[in-house]
Amino acid sequence: MITLKVNGIEYEIPEEKDKRLLDFLRDDLRLTAAKEGCGAGACGTCTVLIDGKKAKACIYRLSRLSGREVMTLEGIPKDELAVYEYCFGECGAVQCGFCIPGMVVAASTLLDVNPEPTRDEVKKALIGNICRCTGYVRIEDGILMAARYLREHMAIPRKEEDIGVSRRFIRVDVHDKVTGEGKYVDDIVLPGMLYAKALRSPHPRCLVKRIEIEKAKAHPDCVAVFLAKDVPNNVGGHIIPDYPPLIAVGEETRYIGDALAIAVTKHKETLDEVLGLIELDTEERKPVTSPMEALAPGAPKIHEKGNLLTHESLKRGDAEEAFKNAAHVVHRHFSVPFTDHAFMEPECAIAEPYGEDGVHLWTSSQSIYDERREISRMLKLPPEKVLVESCYVGGGFGGKEDMTVQHHAALCAWLLKKPVKIKFSREESLRVHVKRHAMEMDFTVAGDENGILQGMKCDIYSDTGAYASLGGPVLQRACTHAAGPYRFSNIDINGYACYTNNIPAGAYRGFGVTESNFGFEICLDILASEVGISDWEMRFRNAVEPGDVLPNGQIVTEDCAFKKTLLAIKDIYDREPYVGIASAFKNSGVGVGLPDTGRADLYIENEIVHIRTSAACIGQGMATVCEQILGEVTGLKASSIMRDNPITSTCPDSGTTTASRQTLFTGEAVARAGYDLKRELDDGRTLKDLEGRHFYAEYLGKTDPMGSKKDFPKSHVAYGYATQVVVLTPEGRVKKIYAAHDVGTVINEQAVRGQIEGGCVMSLGYALTEDFPMKDGWPTRDYAHLGLFRATMAPPVEAILVKSDKTLPVALGAKGVGEISSVPTAAACENAYYKLDHKERLTLPMRETYYNHEKLDPDA
């Protein structure tokens with residue numbers, strides 16, 4: 001018999017029921033604060049204490065713990081946990097929240113033995129815990145603040161009741177995420193729930209000749225095995241319907257993540273055993289693994305229409321003529337890699353029967369309506385028969401826009417009329433979900449003798465992998481932003497998105513702009529050197545101002561404060577010897593002529609205004625943004641406002657959380673509905689008088705399509721602008737980042753600064769350490785070796801917020817910040833290293849840097 005204590009309570013477990021500690025905590029005891037992020041002891045989301053020492057619950061089996069004591073987050077005294085809740089909230093340490101319970105346990109361990117730690121000591125205490133959202137600085141701030149509150153027995157201030165914009169305000173989800181009480185999909189258990197898992201392709205490209213499932217079905221724990229013939233409509237795909245839910249016999253697989261069969265069992269422990277009984281007969285075929293291979297004459301067709309997903313072209317003026325007459329012309333080739341989002345929460349979905357022949361899905365994605373659309377299409381159901389409900393989302397960064405587990409869970413539940421759960425291991429997640437696009441780019445940039453830009457030409461070849469996902473829109477953004485926020489008009493940009501047999505690529509924070517910005521900004525630095533002016537001066541001389549025309553033809557609006565971002569960092573740039581600079585602009589909204597609408601419904605119940613919108617919070621704090629905007633518009637107190645959980649039955653479709661659009665689009669819809677409510681309140685009615693009333697509003701962003709014949713087409717409704725400076729030590733370590741951003745009106749100060757800090761650190765990884773290499777269609781790295789930045793590697797980031805005297809007349813003047821924060825960092829980093837050793841680094845991640853020798857994945 002195994003005996004151990006958990007949070008002071010003794011348990012006895014028969015030796016034949018030995019299992020992982022994490023499974024015992026979550027499944028048997030229903031202590032769900034410890035999360036499964038990687039299953040390999042690398043991420044820290046399952047951090048607990050074993051005999052008072054920090055440990056990873058995913059790597060210990062109960063048989064190793066007999067006679068020992070375990071403490072989880074739930075075992076921390078409530079008064080101590082309340083201190084962490086306040087301090088983490090006040091410092092803005094919480095975003096998606098999936099890592100936070102592990103961070104709090106790690107902090108508690110430190111403060112128990114060192115009540116007055118330094119920041120470096122806090123960093124070392126967090127080395128085994130990864131965060132992808134915050135950049136660590138705000139978590140460190142929260143721990144240092146909590147140390148002071150605990151050490152000095154300080155009272156926790158009362159909850160703030162005044163709510164509005166342009167102020168500090170603690171996020172509304174902090175309690176749930178710090179205490180571990182908030183529910184992610186994997187925390188949900190339904191009565192009679194079954195478990196499912198897909199059998200994936202054994203090769204990146206192969207012909208499926210036979211799938212034999214009888215032995216698997218005969219397994220005593222097997223409930224069913226489903227094949228393509230069981231799918232009512234075997235069609236899937238986020239935009240283009242090119243991604244079948246299951247590959248049928250007689251068809252060819254396109255990458256290693258293609259599903260061939262789905263096994264459903266009574267217990268999750270038997271899934272791999274059942275899948276191992278499925279017999280396959282396949283004919284392996286040589287995979288196509290690069291855009292150049294895909295476009296070569298005679299290349300095998302990955303899709304019936306061919307291997308070119310899309311060609312995008314953006315031409316204005318005469319670039320070739322500009323090159324002929326220019327004093328200086330720079331040409332360089334750039335290569336940027338696939339990278340994984342590495343969001344902390346692996347994909348998970350639960351589905352159960354709903355009503356008459358319908359299905360109810362619990363999800364953690366970036367759009368409940370995208371899922372409803374794709375699942376209703378697959379099952380041939382009216383959309384209203386598919387109910388989709390969002391739980392907390394443990395990070396996304398673009399990686400949770402596509403179907404991964406949701407459609408398979410819905411299919412199994414609908415066919416069996418029983419609840420079914422599908423959860424990816426981290427290995428499955430890495431092999432199945434989309435990546436950032438790898439791109440090969442050629443840039444030619446010309447300027448006159450004074451450094452005034454004359455023209456540019458760019459060719460981009462993007463590897464979109466096996467399926468389209470968002471490869472088309474990503475390429476469009478890479479093209480429309482490739483010439484930066486500068487004042488010149490001779491451009492010739494061509495982009496090609498190509499199918500290969502690699503893992504698909506899709507949306508990723510920055511949405512293609514991060515890639516093309518890297519190339520163009522480095523060309524500016526080289527041009528500045530040839531002209532004989534500073535890199536800062538090069539940008540300032542060419543920076544757009546209100547009324548100017550961007551290279552893509554759009555007239556710059558009056559809210560543009562790009563030059564202010566440059567002025568904000570000038571003194572820093574001038575005084576530091578090893579300093580790099582890069583600037584960027586990034587759209588808010590889908591744009592390029594596509595329908596794009598934000599929607600919100602305010603419902604009054606029990607004198608509370610419920611904000612209903614489908615807008616997903618993936619860490620950026622959308623619920624808090626909505627509540628602050630409504631408070632600003634109506635003057636209501638925080639206790640009178642609540643943002644409801646997104647669910648398709650009551651929340652209107654406000655589009656996908658993508659393209660830095662939700663604050664502007666959904667925020668404007670909330671404001672418009674709020675103004676209607678305010679008029680009723682100004683007329684003397686109370687919330688009690690308005691019981692049961694709805695106040696609905698929407699905002700439609702109108703733009704022009706790519707290739708528009710207008711003289712000045714409007715590609716997007718708004719742009720944010722930024723200039724970032726990376727400062728190195730003489731040894732080549734990043735000493736500090738200064739990030740000056742024009743985000744328009746700041747809604748929540750902690751959230752905006754946290755987004756900027758997190759974006760900068762994420763893109764430091766992109767610049768210096770992160771990679772997702774594939775060989776013949778197979779990934780060659782696991783999660784622990786992705787090169788993710790840890791707390792000891794993350795430098796301080798100083799966010800400098802600027803804005804124009806005039807703001808946009810929507811969403812109280814707010815613009816997106818979630819993506820632009822990660823766009824210019826890589827180019828600024830390259831520029832800093834060039835100042836250090838005068839070596840060009842045109843491939844990411846950069847080589848010959850301090851970080852090539854850093855220990856990236858400590859066994860902590």
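Read on for a plain summary of the structure. Residue numbers restart at each chain and count upward from 1, following the sequence in its written direction. At least 70 in pLDDT is required for a residue's local features to be given in this predicted model, at least 80 for side-chain atom pairs to be given and counted, and no such filter applies to totals for whole chains, interfaces and linings, which use all residues. Note: side-chain values were computed over all heavy atoms of the structure, leaving out hydrogens and water.

## Here we look at the packing of aromatic side chains
To describe a pair of aromatic rings, you give the distance between the ring centres and the angle between the ring planes.
No. 1: Here a Phe, Tyr or Trp ring, Trp counted by its six-membered ring, pairs with any other such ring whose centre lies within 6.5 Å, and the pair is stacked when the planes are under 30 degrees apart, edge-to-face when over 60, and tilted otherwise. With the rule as written, the count across this model stands at 22 aromatic pairs.
No. 2: Ring geometry for tyrosine 11 versus phenylalanine 24: centroids 5.9 Å apart, planes at 85°, classification edge-to-face. Placement of the pair is tyrosine 11 in strand β2 (residues 9-13) and phenylalanine 24 in helix α1 (residues 21-28), with a sequence separation of 13 residues.
No. 3: Members of the aromatic cluster, connected to one another through ring pairs, are Phe334, Phe443, Tyr486, Phe488, Phe518, Phe520, Phe562, Phe585, Tyr719 and Tyr721.
No. 4: Charges are assigned to positions over rings by a cutoff of 6 Å between ring centre and Lys NZ or Arg CZ, combined with an angular limit of 35 degrees from the ring normal. Against the face of phenylalanine 343 rests lysine 400, its NZ or CZ located 4.5 Å from the ring centre. Helix and strand assignments come from DSSP, with helices taken as H or I runs of at least 4 residues and strands as E runs of at least 2, each series counted from the N terminus.

## Section: the sheet that holds strand β19 (residues 491-499)
No. 1: Strand order in the open sheet formed by five strands is β11-β19-β18-β17-β12, with mixed pairing between adjacent strands. Edge positions in the sheet fall to β11 (308-316) and β12 (328-336), since each of these pairs with one other strand and no more. Taking the axes of each pair of neighbouring strands and ignoring which way they run, one obtains an average angle of 5° across the sheet.
No. 2: Two strands are said to pair when DSSP picks up at least two bridges between them. With eight bridges joining them, β11 and β19 adopt antiparallel strand pairing. Across the sheet, the residue bridging to arginine 316 is isoleucine 491, located in β19.
No. 3: Whether two residues touch is decided by their heavy atoms; if any such pair falls within 4.5 Å, the residues are in contact. For helices, the fitted axis covers only the stretch in contact; all axes are lines through C-alpha atoms, and the angles between them, taken along N-to-C directions, range from 0 to 180 degrees. Contacts from helix α14 (residues 471-480) reach β11, β17 (438-447), β18 (453-465) and β19 within the one sheet, and its direction differs from that of β11 by about 20°.

## Observations regarding the pattern of salt bridges
No. 1: The term salt bridge refers to a pairing of a side-chain nitrogen on Lys or Arg with a carboxyl oxygen on Asp or Glu at a separation within 4 Å. Tallying each qualifying case throughout the model produces 68 salt bridges.
No. 2: Of the charged contacts in the structure, one is a salt bridge between lysine 435 and aspartate 340, with a shortest N-O distance of 2.6 Å. Linking lysine 435 in the loop between α13 (426-432) and β17 with aspartate 340 in the loop between β12 and β13 (348-354), this pair joins segments that are 95 residues apart in sequence.
No. 3: Only protein chains enter the accessibility calculation, which uses a 1.4 Å probe. A residue is then buried if its area is under 20% of the maximum for its type, exposed if over 50%, and partly exposed in between. When its relative accessible area of 0% is taken as the criterion, lysine 435 is described as buried.

## Description of the packing of helix α2 (residues 78-91) against helix α3 (residues 100-113)
No. 1: Where α2 contacts α3, the axes come no closer than 11 Å and their chain directions differ by 115°. The chirality of how α2 crosses α3 is right-handed. Residue-level inspection shows Glu80, Leu81, Tyr84 and Phe88 of α2 in contact with α3, the latter providing Ile100, Val104, Ala107, Ser108 and Leu111.
No. 2: Throughout, the ten residues Ala, Val, Leu, Ile, Met, Phe, Trp, Tyr, Cys and Pro are labelled nonpolar, Asp, Glu, Lys and Arg are labelled charged, and all others, Gly among them, are labelled polar. Here the residues of the contact of α2 with α3 are counted per class, giving seven nonpolar, one polar and one charged. Helix crossings are classified by the rotation of the near helix relative to the far one: an anticlockwise turn of less than a right angle makes the crossing left-handed, while a clockwise turn makes it right-handed.

## Examining the sheet that holds strand β3 (residues 47-50)
No. 1: If you walk across this open sheet you meet the five strands as β2-β1-β5-β3-β4, and the pairing is mixed. Both outer strands of the open sheet, β2 and β4 (53-56), are each paired with one neighbouring strand and no more. Geometrically, the sheet is characterised by an average inter-axis angle of 35° between neighbouring strands, direction not taken into account.
No. 2: With four bridges joining them, β3 and β4 adopt antiparallel strand pairing. Counted as the bridge partner of isoleucine 50 is lysine 53 from β4.
No. 3: Contacts from α3 reach β3 and β4 within the one sheet, and its direction differs from that of β3 by about 35°.

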